[in-house]
Amino acid sequence: MTIEVMLVDDSAVVRQVLSQVFTSASGIHVLDVAHDPIMAIEKLKKHWPDVIVLDVEMPKMDGITFLKHIMSTRPTPVVICSSLTQKGADVSMQAMAAGAVGVIAKPTGGVKAFLEENSKLLIDAVRGAAQAKMSRVQAGSNAQPVNKTALSSTALPNIRAKLAADVVLDAPTGKELFQTTERIVAIGTSTGGTQALEAILTSLPRTCPGMAIVQHMPEQFTAAFAKRLNSICQIEVKEAVNGDRIIPGRAIIAPGGRHMTIKRSGAFYHVEVIDGPPVSRHRPSVDVLFRSAAKASGRNALGIIMTGMGDDGAKGLKEMHDAGAHTIAQDENSCVVFGMPKEAIKLGAATEIMPLDQIAKSICKYG
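An unreviewed UniProt entry lists the protein chain under the name Protein-glutamate methylesterase/protein-glutamine glutaminase, with Chitinibacter bivalviorum as the source organism. Word for word, the UniProt comment on the protein chain under Sequence similarities (unreviewed entry) is "Belongs to the CheB family." As recorded by UniProt, the Subcellular location (unreviewed entry) comment attached to the protein chain reads in full: "Cytoplasm".

In structure tokens:
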């Protein structure tokens, strides 16, 4: 089946290069191009594409307004092609919340060379979007910013007291050894994951176990994503910094362009943010996160693989499962794209298969 694509971008260079990239790919046809949303709306009256690749900063009508029009008229997979700037990242997060299923970051300079060098990334983004079940894509919540200082500190567990119980004496040597019963959660997702993570994290109380998360997303965009989630969640959500502790009531999101691993030091867990080549075609990679969780946490970890294209995370979740961890795969009916969970299930990596609306409850019970 041929994927028909419409390109909406005010840059003639971007339209030309993207047209060349997609035309060269098997199974993708550029149906039409438009230099602004007003022109795109007129062209959509004649023929409707399978996927729209959309810039967000354009004259006459901004991309967010156009996106909302599309989602209210005829929900269609939209891939945002936005500048790699703080403003571009912030606006792209608004677009993801409004229903876009993917995001591509383009630099402010050298765009032509960048797009040509990253043709496979662009093609994969369109192919992943084409698989999206738009009936499962929901606009982000209308949750108001949360005043975390107003939340009672008594809701947080007494970690110090708990850790005191985790220190035991080694009788033969008289040395203190550290054990831990602290439980952590590792989550991996891709296409459709921004909406899925928002649904889960906004439902969690501050007493939930600490979480380490990989969401396939470009550099800088993860910071904007974490900031948005932090503003509407009771728990703390932050982009990972090397050495960050994984503690109850905190979700740490791997930065775009770098891998994140879980390490244990005594009774404590923390993350390491590291460079390295892509693993399973991604950086950050879910497989890297899950494999480190298997090694550092074993049966004290809960692994969750959710909506996304491809197979990143499937093998890593199997390693967590084999190390004694409880593992969950999101079910097909609630996934925007069932690729990643499907591959994990095929490997026998999932202890349970469950719909999205049950995952937050499972996280709370696990803690």
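Another aspect to go through is the packing of helix α2 (residues 37-44) against helix α3 (residues 63-73). Taken N-terminus to C-terminus, the directions of α2 and α3 make an angle of 20°; their axes are 10 Å apart at the nearest point. One way to sum up the angle between α2 and α3 is to call them roughly parallel. Note on packing geometry: the crossing formed by α2 with α3 is right-handed. Note on element contacts: α3 touches α2 through Phe-66, His-69 and Ile-70, opposite Pro-37, Ala-40, Ile-41 and Leu-44. Within the contact of α2 with α3, the residues separate by chemical class into 6 nonpolar, 1 polar and no charged.

Further remarks concern the nonpolar core. Within the largest apolar cluster, 86 residues are counted, with the highest numbers of intra-cluster contacts made by Phe-22, Leu-201, Met-211 and Ile-363. Element by element, the count of residues in this core is highest for helix α9 (residues 221-232), at 6 residues. Residue contributions to this core reach at least three from each of two domains, namely domain 1 (3-135) and domain 2 (166-366). If near-sequence neighbours (up to four positions away) are discounted, Leu-201 is found in contact with Met-211, Ile-213, Leu-229, Cys-233, Ile-235, Val-237 and Ala-251.

Right, let's get into the confidence of the model for the protein chain. Averaged over every residue, the pLDDT of the protein chain is 88; the share at 70 or more is 88%. In this model residues 152-178 is a low-confidence stretch, pLDDT under 50, and it forms 31 contacts with partners more than four residues away in sequence or in other chains.

Under the defined criterion, the tally for this structure stands at 0 aromatic pairs. The ring of Tyr-366 carries the charged tip of Arg-183 above its face, separated from the ring centre by 4.7 Å.

A few words on the UniProt feature "modified residue: 4-aspartylphosphate" (unreviewed entry) in the protein chain. Listed under "modified residue: 4-aspartylphosphate" (unreviewed entry) in the UniProt record, and renumbered for this structure, are Asp-55. Tracing the backbone shows Asp-55 in the loop between β3 (51-54) and α3. A relative accessible area of 5% means that Asp-55 is categorised as buried.

In this section: the pattern of salt bridges. Under the counting rule described, the total for this entry stands at 15 salt bridges. With a shortest N-O distance of 3.2 Å, Arg-291 and Glu-319 are connected by a salt bridge. Linking Arg-291 in helix α10 (residues 286-297) with Glu-319 in helix α11 (residues 314-322), this pair joins segments that are 28 residues apart in sequence. What makes Glu-319 partly exposed here is its relative accessible area of 36%.

We now examine α2. Three or more residues of α2 are buried, namely Pro-37, Ala-40 and Leu-44. Along the axis of α2, the buried positions cluster into a sector of 55°, meaning they face one direction only. Where α2 is buried, its residues touch β1 (3-8), β2 (28-34) and α3. Two or three places before Ile-38, at the opening of α2, Asp-36 has a side-chain oxygen 2.9 Å from that residue's backbone nitrogen.

It is worth spelling out the sheet that holds strand β11 (residues 250-253) at this point. Across the sheet, which stays open at both edges, the 7 strands sit in the order β10-β11-β9-β8-β14-β15-β16 with parallel pairing between neighbours. In the strand order of this sheet, the two ends are held by β10 (236-239) and β16 (352-354), each with one partner. In this sheet, neighbouring strand axes are inclined to one another by 20° on average, regardless of whether the strands run parallel or antiparallel. In this sheet, strand β9 (residues 210-215) lies alongside strand β8 (residues 184-189) in parallel orientation, the contact comprising 6 bridges. Directly across from Gly-188, in β9, lies its bridge partner Val-214. Against the sheet, α10 touches β8, β9 and β14 (301-305), its axis set at about 165° to β8.

Right, let's get into the side chain of Ser-292. Looking at where Ser-292 falls in the secondary structure, it is placed in helix α10. A polar contact of 2.7 Å, which involves the side chain of Ser-292, links it to the backbone oxygen of Leu-289. When sequence neighbours within four positions are dropped, the list of residues in contact with Ser-292 reads Thr-261 and Ile-262.

For the rest of this paragraph, the subject is the environment of Asp-312. Here Asp-312 is to be found in the loop between β14 and α11. Given a relative accessible area of 0%, Asp-312 falls into the buried group. Residues Asp-312 and Gly-188 lie 124 residues apart in sequence; the distance between their C-alpha atoms is 8.5 Å. If sequence neighbours within four positions are ignored, Asp-312 has contacts with His-216, Val-279, Ser-280, His-282, Pro-284, Ser-285, Val-286, Asp-287, Ile-305 and Met-340. One polar contact links the side chain of Asp-312 to the main-chain amide nitrogen of Val-286, over a distance of 2.7 Å.

The subject of this paragraph is the pairing of strand β13 (residues 268-274). Bridge count between strand β12 (residues 259-265) and β13: 7 bridges; the pairing is antiparallel. When the sheet's bridge partners are listed, Met-260 is paired in β13 with Val-273. In textbook terms, the turn of a hairpin is the stretch between consecutive antiparallel strands, and for β12 and β13 this stretch comprises 2 residues, one of which, Gly-266, has a positive phi near 65°.

Parameters at a glance
- Residues numbered from 1 in each chain as written.
- Predicted model: local features only at pLDDT ≥ 70, side-chain atom pairs only at ≥ 80, totals over all residues.
- Heavy atoms only, no water.
- UniProt positions renumbered as here; feature names shortened; annotations may be inferred.
- Axes fitted to C-alpha atoms, helices over the stretch in contact; angles between N-to-C directions.
- Helix = DSSP H or I, 4+ residues; strand = E, 2+ residues; numbered from the N terminus.
- Parallel < 35°, antiparallel > 145°, perpendicular 65-115°, else oblique.
- Left-handed = near helix turned anticlockwise from the far one by under 90°.
- Contact = heavy atoms within 4.5 Å.
- Nonpolar A, V, L, I, M, F, W, Y, C, P; charged D, E, K, R; others polar.
- Core = buried A, V, L, I, M, F, W, Y, C linked by side-chain atoms within 4.5 Å.
- Buried < 20%, exposed > 50% of the residue type's maximum accessible area, 1.4 Å probe, protein only.
- Domains from an automatic or database assignment.
- pLDDT = per-residue confidence, 0-100.
- Phe/Tyr/Trp six-rings, centres within 6.5 Å; stacked < 30°, edge-to-face > 60°.
- Lys NZ or Arg CZ within 6 Å of the ring centre and 35° of its normal.
- Salt bridge = Lys/Arg side-chain N within 4 Å of Asp/Glu carboxyl O.
- Arc of directions from axis to C-beta.
- Polar contact = N/O pair within 3.5 Å; in protein donor to acceptor, adjacent residues only side chain to side chain.
- Pairing = 2+ DSSP bridges.

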